[in-house]
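# Fold and geometry: a report
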Amino acid sequence: MGFDISEKAVKRAGLDYWHLVDLHVWHDLDELFGSEKPEDIWLATSKGPRSYTDPAVQFRDGCWLFFGKETAGLPEAFRLQYSQRCIRIPIRAEARCLNLSNSVAILAYEALKQTGFPGLREAGEMAGGT
């Protein structure tokens, strides 16, 4: 996976919402696709042919976002199989790519925005008008 999700690690990171996460861990892509049937998938890769802001990139409720390791990215065969579903986050030409946590945050919240933030509150306590 590339990062530690042990109880100690998530507590240290301050993830006080961890108990709300519906977590599933698969050993590899073959195991994932053998147990799940994700159809609406998007692959985040610095090699992607278009930006996630392209109007044709429409995230739908239930879509799957795939991210690779910071060191290696997504497997080439996987990228080639789903080449039309590869998207990238714009970045300066001389920079390699954003780190994984920032990339996940950007694309996850774009997907949530496009699907109307299902199950999330959009207003804070100041919305009461006082």
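Structure: see above.
Residues numbered from 1 in each chain as written. Predicted model: local features only at pLDDT ≥ 70, side-chain atom pairs only at ≥ 80, totals over all residues. Heavy atoms only, no water.

We now examine a nonpolar patch on the surface. A cluster of nonpolar side chains, contributed by Tyr17, Leu20, Val21, Leu23 and Val25, occupies part of the molecular surface with about 480 Å² of accessible area. For Val25, the position within the fold is in the loop between helix H1 (7-12) and helix H2 (29-35). Residue class for Val25 comes out exposed when judged on its relative accessible area of 53%. (Patch = residues over 30% accessible without salt bridge, like charges linked within 9 Å, V, L, I, M, F, W, Y side chains within 5 Å. Areas by Shrake-Rupley, 256 points an atom, 1.4 Å probe, with all protein chains shown as cover. Salt bridge = Lys/Arg side-chain N within 4 Å of Asp/Glu carboxyl O. Helix = DSSP H or I, 4+ residues; strand = E, 2+ residues; numbered from the N terminus. Buried < 20%, exposed > 50% of the residue type's maximum accessible area, 1.4 Å probe, protein only.)

Bringing helix H4 (residues 100-114) into the picture now. Over its 15 residues, H4 extends 21 Å from the first C-alpha to the last, a length consistent with the 21 Å expected when each residue adds 1.5 Å. Within the sequence span of H4, burial applies to Leu100, Ser103, Leu107, Glu110 and Ala111. Buried positions in H4, seen along its axis, are confined to an arc of 115° and lie on one side of it. Looking at the buried side of H4, the elements it contacts are strand E1 (41-44), strand E3 (64-67) and strand E4 (86-88). Taken from the residues just after H4, Gly116 is the one with a positive phi, measuring 80°. (Expected span 1.5 Å × (residues − 1). Arc of directions from axis to C-beta. Contact = heavy atoms within 4.5 Å.)

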